[in-house]
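Below, each chain spelled out in residue letters.
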Amino acid sequence: MSKPSPTPATAREPDVRYLRTTQPVATLVDSSILIDVLANDARWADWSLDQLARLGSQGALVINPIILAEVSPRFERAADLEAALADLPLVREALPWDAAFLAGQAFKVYRQSQGAKTSPMPDFYIGAHALVGGMQLLTRDAARYRSYFPNLPLVAPQIPGRK
């Protein structure tokens, strides 16, 4: 009795989109990192620049309109903001529709936990964008992201006394 020959395991086209690499290929850069760099923050600018260089060598560094909006109040004109960002290798992406829904779900959990805000906060959109886009998030504000997006890969400084 002969054994049937094994067929090679291949992913069918509809299944391919669900296969993930173990390492995110892009990094969404939170506004806290950009503010550190643009303001030359005495405590955080060097750490933030080091992370941008390291992660930028591994994949794309991405921002979205929410992140740009959080950085923009530090500038009088849009042209000044554009000039300040010009030296950073940032890729701009729109907020995906699925991220908007996920941000709303995070906001619902926030409100159920007695949160006082009446509309979704920028961090909910940012975290949702990174998660939906299969990106890791570079931030110094890890606590909220960990609370509402526990499966989101974060790159954040180790701060004594914080998780």
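Procedures and definitions
Residues numbered from 1 in each chain as written. Predicted model: local features only at pLDDT ≥ 70, side-chain atom pairs only at ≥ 80, totals over all residues. Heavy atoms only, no water. pLDDT = per-residue confidence, 0-100. Contact = heavy atoms within 4.5 Å. Salt bridge = Lys/Arg side-chain N within 4 Å of Asp/Glu carboxyl O. Helix = DSSP H or I, 4+ residues; strand = E, 2+ residues; numbered from the N terminus. Expected span 1.5 Å × (residues − 1). Buried < 20%, exposed > 50% of the residue type's maximum accessible area, 1.4 Å probe, protein only. Arc of directions from axis to C-beta. Axes fitted to C-alpha atoms, helices over the stretch in contact; angles between N-to-C directions. Parallel < 35°, antiparallel > 145°, perpendicular 65-115°, else oblique. Left-handed = near helix turned anticlockwise from the far one by under 90°. Nonpolar A, V, L, I, M, F, W, Y, C, P; charged D, E, K, R; others polar.

**Q** Give me the confidence of the model for the protein chain: which residues, what numbers.
**A** Per-residue confidence for the protein chain gives a mean pLDDT of 84, with 79% of residues at or over 70. Low pLDDT, under 50, characterises residues 5-19; the predicted model gives this stretch 2 contacts beyond four residues in sequence or across chains.

**Q** Report on the pattern of salt bridges, specifying residues and quantitative values.
**A** This model, assessed by the stated rule, comprises 4 salt bridges. Ionic pairing is found between Glu-82 and Arg-92, a salt bridge with its closest N-O pair at 2.6 Å. Here Glu-82, found in helix H5 (residues 78-85), pairs with Arg-92, found in strand S3 (residues 90-92); they are 10 residues apart in sequence, far enough to count as distant. In this structure, the salt-bridge partner of Asp-123 is Arg-144, at a minimum N-O distance of 3.2 Å. Here Asp-123, found in helix H7 (residues 122-132), pairs with Arg-144, found in helix H8 (residues 142-148); they are 21 residues apart in sequence, far enough to count as distant.

**Q** Residues and numbers for helix H3 (residues 45-56), please.
**A** Taking 1.5 Å of rise per residue, 12 residues should cover 16 Å, and H3 covers 16 Å from first to last C-alpha, within 8% of that figure. All of the buried residues along H3 are Ala-45, Ser-48, Gln-51, Leu-52 and Leu-55. For H3, the arc enclosing every buried residue in end-on projection is 130 degrees, short of the 170-degree limit, so these residues lie on one face. In H3, the exposed positions angled more than 90 degrees off the buried face are occupied by Asp-46, Asp-50 and Ala-53.

**Q** Break down unusual backbone geometry for me, citing the residues and quoting the values.
**A** Trans peptide bonds make up the majority, and among non-glycine residues the majority have a negative phi. The phi torsion at Asn-40 lies on the positive side, around 50 degrees, for a residue other than glycine. Along the chain, the position of Asn-40 falls in the loop between helix H2 (31-38) and H3.

**Q** Run through the packing of helix H6 (residues 97-112) against H7, naming residues and quoting values.
**A** The geometry of a pair of packed helices is captured by two quantities: the angle between their axes and the separation between those axes. Contact geometry for H6 and H7: axes closest at 8 Å, N-to-C directions at 130 degrees. Taken together, the axes of H6 and H7 lie oblique to each other. Our pair here, H6 against H7, has a crossing hand that is right-handed. Packed against H6, whose contacting residues are Asp-98, Ala-99, Leu-102, Ala-103, Ala-106, Phe-107 and Tyr-110, the element H7 presents Phe-124, Tyr-125, Ala-128, His-129, Leu-131 and Val-132 at the interface. Tallied by class, residues from the contact of H6 with H7 come to 11 nonpolar, 1 polar and 1 charged.

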